[in-house]
Structures are given as structure tokens and as C-alpha cells.
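# Topology and contacts: notes
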Amino acid sequence: MSMALFDRVALIGIGLIGSSLARVLRRDSPDTVIVACARRAETLEAVRRLGIADETTDDPAAAVAGADLVVLATPLSAYAEIGRRIAPALREGAIVTDVGSVKGAAIRDLLPLMPFHAHFVPGHPVAGTEHSGPDSGFAELFRDRWCILTPLPQTSPEAVAKVTALWEGAGMRVVTMAADHHDKVLAVTSHLPHLIAYTIVGTATDLGHDLQSEVVAFSAGGFRDFTRIAASDPVMWRDIFLSNREAVLELLQRFSEDLTALQRAIRRGEGDTLEQRFAQTRAIRRSIIEAKQA
Ligand code: NAP
């Protein structure tokens, strides 16, 4: 990453994503002053222990004062309140970006609050794990993953170029698209799979106690992979589903039609239908591996 890209970076929210970015900045841009902001004292204490920020504060307005880059990395439901608090404190020419998983809602909540002298570049580094908090971050999280930026027509191209350089420096491939397109794509690739995982693990939990212990014992049969996804942060995922309601509901409709078709094939003993579908899905897995996104 270019040493001169940003002098002072405020990370509002310093969990998995915020702290991973802090580690990248620490590694590649040692002269950049990093200010970390979180609500809880124990989070800020962890940041100090990890040595991944120069300054810590629980006040978003104080955090952004003088920053040339502000990165929002909190759950989506906190955006409007944080936006209200930081707006009056943003310096002339400050770039504000975010990492939220739903872009329409991020723009809806933040854009109206941004002062004319600041540049808002909505973004989503599509990289993560099921872990949360500053201890779970690592600099390599972003390597070879995609970062999607959803700038608005009026967004300054220079600001977009700088945010692009930031994520490229973290090892990401950066692409831009419209926010509503992003939200539809992510509903398919991320949101629906999480909803299915939450449902399956929930159903198993609702089963009787004896069966439950067997579910854990024999989890390698497929269930285990779902439990990893279903261990993802409850607040973050609550916010994602509420923020991307329309795209998720539309997709669920399609999904339940396809599920019904498979259900019918099983009931009627239509082995060819099942085999054909499973062969198609196996090919998709192979293409993901070939694209090095496995
Ligand atoms: P995380 O590990 O849970 O960290 C969240 C951070 O936000 C914490 O520092 C937390 O501070 C702070 N925070 C929470 N609620 C807040 C509030 N109401 N006001 C101010 N600060 C608040 O979360 P994460 O996984 O890094 O996710 C952060 C964002 O990245 C989310 O918007 C998510 O959609 C997006 N994202 C996540 C992933 C992923 O896989 N995890 C991937 C891509 C994008 P305290 O500890 O003090 O509460």
C-alpha cells in the first residue's frame, strides 16, 4: 500500500473487519495514525493490548476529527446514529467509507447526513469469518477476495480511486457496481445461505434431547458446515436481513419453489431429476475452486 495514501484513519467499529484493516495499515503504512472507536471499554482495552491503533476513544466525533479517511465497520443498525454524530466533526475533503454487507441501507442511512465537504464511498469487502471482535481479526483476511464499491453518480472519482487503492493494498480485487445490484447478488451468495444454515441448525436444536446429541456426534455428515455458518454474529445478521428485506424475500420465494420441485422428485422417485440437479451444483463448486474463492 502507498505510504502516503492516508495520514489519519478513523475506524468506527473495530471488530473482525475493522481490526483486520487496522492490522493491514499497521503492516504496510506505519506512518498512518490509526484511531479506533468502539462502545465498550473492554473492546478498546483489547485494541490497546493488541497494539493495532495509536489512539482509542468511545466518541465517534472525536475519532473522526482531523481524519482524512473514516471507515464505518459497525453493524448496519448503528449507521444512522454514528452518521449524525460524526457529520459535524468531519474535516474538509474527508473520505467516509464503510464495510457494511448491505449497500442500499448504508446509503439510505448515511448519505443524507454527509456534509458537502466530505466524500462518501460505500463499500463492502466480501471477506469474513464467523468470529467477531478485535481479537479475531488478521491482516490476510482480505487477500484474494473481492471488494465491491457502490459509488453514487455524484461520488468524486478521486475518492473512489483512493478507497480502491486502500483495498487493493489489502490484497483485494476491487469492482464497482450499483448498490441495488450488489444487494441482489449478495442475497444469493451470502444472505440466503446464512438463512438456510440458521434454519437447519435451529430445526436440529428444536429436536428432542437424545437426537440432538447424535446430531452433534455425527455432524461431519454435512451438518457441521452449516453450524459454522450459523455461528455468525447474531446482531450483524439480524441487521443484514432487515436491511436487505426485499431482495431476500424475493429470493426466498424462488428458493421455496425449487425446494418444492426437489421434494416432488423425491416423492415420485424421479432419480434423474435429482442426479441432474446435483451434477449442476457440483460443477458450480468446481468453478468456485477454479476462481480461487473456495
Ligand atoms: P464485529 O466483529 O462484531 O465488530 C463490530 C464493531 O462495531 C465492534 O467494535 C463494536 O464495538 C462496534 N459496534 C457495535 N455496535 C455498535 C453501536 N451501536 N455503535 C457503535 N459501535 C458499535 O463486526 P464485524 O464482523 O467486524 O462486522 C462489521 C461490519 O462489517 C458489519 O456491518 C458487517 O455487515 C460487515 N461485514 C462483516 C463481515 C463478516 O464476515 N463478519 C464481512 C464483510 C462485511 P463494541 O465491541 O464496543 O460493541
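In the block above lies the structure referred to throughout.
Below is a summary of the structure that appears in this document. (Residues numbered from 1 in each chain as written. Predicted model: local features only at pLDDT ≥ 70, side-chain atom pairs only at ≥ 80, totals over all residues. Heavy atoms only, no water.)

Bringing the overall build of the protein chain into the picture now. Helix and strand counts for the protein chain stand at 12 helices and 9 strands. In summary, the protein chain has a C-alpha radius of gyration of 21 Å against a globular reference of 19 Å for 294 residues, a match within 12%. Reported as C-alpha extents along the three principal axes, the dimensions of the protein chain are approximately 65 × 40 × 35 Å. Considering the protein chain as a whole, with its 294 residues, one finds that 44% of them fall into the buried category. Taking the contacts inside the protein chain whose residues are at least 6 apart along the sequence as the reference set, 74% of them involve residues at least 24 apart. Per element, the accessible surface of the protein chain, about 15,500 Å² overall, is 56% carbon and sulfur. Taking the 31 positively charged and 36 negatively charged side chains of the protein chain as two groups, their mean positions are separated by 3 Å. (Helix = DSSP H or I, 4+ residues; strand = E, 2+ residues; numbered from the N terminus. Rg over C-alpha atoms; globule rule 2.2 N^0.38 Å. Buried < 20%, exposed > 50% of the residue type's maximum accessible area, 1.4 Å probe, protein only. Contact = heavy atoms within 4.5 Å. Areas by Shrake-Rupley, 256 points an atom, 1.4 Å probe, with all protein chains shown as cover. Lys, Arg positive; Asp, Glu negative; His and termini not counted. Charge placed at Lys NZ, Arg CZ, Asp CG, Glu CD.)

Another point: the environment of M114. The residue M114 is located in the loop between α5 (103-110) and β6 (119-121) in this model. Of the residues examined, M114 reaches a relative accessible area of 13% and is grouped as buried. Spatially, the C-alpha atom of M114 lies 8.8 Å from that of L90, the residues being 24 residues apart in sequence. Not counting the four nearest positions on each side in its chain, M114 is found in contact with I86, L90, V96 and F120.

Now for helix α12 (residues 271-290). Taking 1.5 Å of rise per residue, 20 residues should cover 28 Å, and α12 covers 29 Å from first to last C-alpha, within 8% of that figure. In the segment just after α12, K292 is the residue with positive phi, at about 55°. (Expected span 1.5 Å × (residues − 1).)

Overall, the coordinates contain 2 aromatic pairs when judged by the stated rule. With a centroid separation of 5.1 Å and 70° between ring planes, the pair formed by F142 and W167 is classed as edge-to-face. Linking F142 in the loop between β7 (123-126) and β8 (146-149) with W167 in helix α6 (residues 157-169), this pair joins segments that are 25 residues apart in sequence. For the ring pair W237 and F241, a centre distance of 5.7 Å and an interplane angle of 45° mean the geometry is tilted. With W237 and F241 both in helix α10 (residues 234-243) and 4 residues apart, this pair spans about one turn of that helix. (Phe/Tyr/Trp six-rings, centres within 6.5 Å; stacked < 30°, edge-to-face > 60°.)

Mapped onto the elements of the fold, Y198 is located in helix α7 (residues 179-206). With a relative accessible area of 25%, Y198 lands in the partly exposed category. Residues Y198 and R108, 90 residues apart in the sequence, show an inter-C-alpha distance of 27 Å.

Below, the discussion takes up the site of the ligand. Around the ligand sit 26 residues in total, of which R39, R40, T43, T74 and S101 are the nearest. Contact distances for the ligand include 2.7 Å between an oxygen atom and a backbone N or O atom of R40. G133 is positioned such that a nitrogen or oxygen atom in its backbone is 2.8 Å from an oxygen atom of the ligand. Isolated, the ligand exposes 900 Å² of accessible area, and the fraction of that covered by the protein chains is 87%. Broken down by secondary-structure element, the contributors of at least two residues to the shell around the ligand are α1 (16-28) and β7. Classifying every residue of the shell around the ligand by side-chain character gives 13 nonpolar, 11 polar and 2 charged. (Near = heavy atom within 4 Å. Polar contact = N/O pair within 3.5 Å; in protein donor to acceptor, adjacent residues only side chain to side chain. Nonpolar A, V, L, I, M, F, W, Y, C, P; charged D, E, K, R; others polar.)

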